[in-house]
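Here's the letter readout for the chains.
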Amino acid sequence: MHFTLRSSRFRQLAASVAVAVLALPALAQDTKIKFQLDWRFEGPSALFLVARSKGYFAQEKLDVTIDAGNGSGNAVNRVASGTYDMGFADLAALMEFTANNPSAPGKPVGVMMVYNDTPAAVLALKKSGIRSPADLKGRKLGAPVFDAGRRAWPILARSNGLDPAAAAWTSMEPALRETMLVRGDVDAITGFTFTSLLNLNARGIKDEDVVVLPYPKYGVRLYGNAIIASDALVKQKPEAVKGFLRAFAKAARDVMANPEAAIKSVKERDGLIDEKLELRRLKLAIATAIATPSAKAEGFGQVSAPRLSLMASQVSDVYATKTRVDPKTVWVSTFLPSAAELNVFPK
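Residues numbered from 1 in each chain as written. Predicted model: local features only at pLDDT ≥ 70, side-chain atom pairs only at ≥ 80, totals over all residues. Heavy atoms only, no water.

## Topic: the overall build of the protein chain
Item 1. On a plain count of helices and strands, the protein chain comes out with 16 helices and ten strands.
Item 2. Projecting the C-alpha coordinates of the protein chain onto the three principal axes gives extents of approximately 105 × 45 × 40 Å.
Item 3. For the protein chain, the residues scored as buried account for 50% of the 347 residues in total.
Item 4. Across the protein chain, contacts joining residues at least 24 apart in sequence account for 79% of those joining residues at least 6 apart.
Item 5. Carbon together with sulfur atoms contributes 55% to the accessible area of the protein chain, which is approximately 16,000 Å² in total.
Item 6. Separation of charge centres in the protein chain, based on 45 positive and 33 negative side chains, amounts to 4 Å. (Helix = DSSP H or I, 4+ residues; strand = E, 2+ residues; numbered from the N terminus. Buried < 20%, exposed > 50% of the residue type's maximum accessible area, 1.4 Å probe, protein only. Contact = heavy atoms within 4.5 Å. Areas by Shrake-Rupley, 256 points an atom, 1.4 Å probe, with all protein chains shown as cover. Lys, Arg positive; Asp, Glu negative; His and termini not counted. Charge placed at Lys NZ, Arg CZ, Asp CG, Glu CD.)

## Considerations on the nonpolar core
Item 1. Counting 72 residues, the largest nonpolar core has Phe 35, Phe 48, Met 86, Ile 227 and Phe 244 as its most contacted members.
Item 2. No other element matches the eleven residues that helix α11 (residues 238–257) contributes to this core.
Item 3. Structurally, this core is a two-domain feature, drawing no fewer than three residues from each of domain 1 (31–117 + 223–329) and domain 2 (120–217).
Item 4. Look past the residues within four positions of Met 86 in its chain and what remains in contact with it is Ile 33, Lys 34, Phe 35, Gln 36, Val 79, Val 111, Ile 227, Ile 228, Ala 229, Leu 233, Val 241 and Phe 244. (Core = buried A, V, L, I, M, F, W, Y, C linked by side-chain atoms within 4.5 Å. Domains from an automatic or database assignment.)

## Describing the sheet that holds strand β3 (residues 86–90)
Item 1. Judged by pairing direction, the sheet is mixed, and its five strands sit side by side in the order β2-β1-β3-β10-β4 without closing on themselves. Unpaired on one side and paired on the other, β2 (62–67) and β4 (109–113) mark the two borders of the sheet. Going from strand to strand, the sheet's axes swing by 30 degrees on average, the running direction of each strand aside.
Item 2. With four bridges connecting them, β4 and strand β10 (residues 225–229) associate as antiparallel partners. The partner of Val 109 across the bridge, within β10, is Ala 229.
Item 3. With respect to the sheet, α11 is in contact with β1 (31–36), β2, β3, β4 and β10, its orientation differing from that of β4 by roughly 25 degrees. (Pairing = 2+ DSSP bridges. Axes fitted to C-alpha atoms, helices over the stretch in contact; angles between N-to-C directions.)

## Points about the domain arrangement of the protein chain
Item 1. Taken domain by domain, the protein chain consists of domain 1 (31–117 + 223–329) and domain 2 (120–217).
Item 2. Among the residues domain 1 hides against domain 2, the three largest losses belong to Arg 280, Arg 281 and Val 318. Together they make up 36% of the total.
Item 3. Our enumeration of links across domain 1 and domain 2 arrives at two salt bridges.
Item 4. A salt bridge links Arg 151 to Glu 96; the shortest N-O distance between them is 2.7 Å.
Item 5. At the junction of domain 1 and domain 2, the tally comes to four residue pairs in polar contact (both at pLDDT 80 or more).
Item 6. Examining the composition of the side of domain 1 that touches domain 2, we find that six residues originate from one element, helix α13 (residues 275–290), more than from any other. (Buried area = accessible area lost by both parts, 1.4 Å probe. Salt bridge = Lys/Arg side-chain N within 4 Å of Asp/Glu carboxyl O. Polar contact = N/O pair within 3.5 Å; in protein donor to acceptor, adjacent residues only side chain to side chain.)

## Describing the UniProt feature "domain: SsuA/THI5-like" (unreviewed entry) in the protein chain
Item 1. The sites that UniProt annotates as "domain: SsuA/THI5-like" (unreviewed entry) are residues 46–262.
Item 2. Helix and strand shares over residues 46–262 are 41% and 20% respectively, and the end C-alpha atoms of the span are 6 Å apart. (UniProt positions renumbered as here; feature names shortened; annotations may be inferred.)

## Description of the sheet that holds strand β5 (residues 120–125)
Item 1. As summarised here, the arrangement of the five strands in space is β7-β6-β8-β5-β9, forming an open sheet in which the pairing is mixed. Pairing within the sheet leaves two strands with one partner each, and these edge strands are β7 (168–170) and β9 (210–214). Direction aside, neighbouring strands of the sheet carry axes that sit 30 degrees apart on average.
Item 2. Against the sheet, helix α9 (residues 193–202) engages β5, β8 (188–192) and β9, with an angle of about 125 degrees to β8.

Written as structure tokens, this is what we have:
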């Protein structure tokens, strides 16, 4: 009897220990986050890939999966549908989705600005004689129908005293955009500077033979790409959102300080990339969209309320949204890291 009692207690103790051991992995399990890029694995994606390769996400107890994308609109839709928890998308695309789906539950929100200035630009060959937006009157412009620069063309035109209808548009697939410019099928194109300029280089056109008209230089104050988060993640796992942004800010500091080292993370993810080309793309993105004077004035990751309201109004008008864009429904700043953690620009 005494032996049986002791055996019973031993079995109970063993069972309790087994349950505790089995529970340990669940308690220590990292939060999984599926992240959708706006485009392929190129130079600028180093901002996210460095955070993963250096273990910054892991330090925040996050298990982050980063996938390539095929446009900001798709990134917004996939986060909205719950297929992805977070993404990287043009803020204008997020505004358009929100205003066109006012009754949709769980719309994504922007939580951190990355491209403080839109990278959109008009590019033309110097031999065309185009030197300023005024020279685009009566010209033939080309871009995919979903291109950010094309969609914001009315803002650029009106900011420079032009009737948006003063230029005719030709549509094409993204892969044909620069080819059609080189062939003379169109007089100018719209695209991201760090994409279209390098694509023209790949087609034998030198920098000195290209005219670049950046939208921010000619009065367009639109924000570019931001990190967005799903409604479910924001409400159910706010600490995970904060941890993601802390890790990202730490990686951004590394990328700004040493782009050459950062591009290795992109090569690790896609071994077929041209490191030299993607390093140049990354540096162009930093110079034209990330470490800009306005970004330094407003603070990395942050937005200016008056500027955000202006953009909301412009997107409502130009995109002809079903309802007016309410800036309060597309942006949440409460998840941002501290000012010290956001100090990512080299001195």
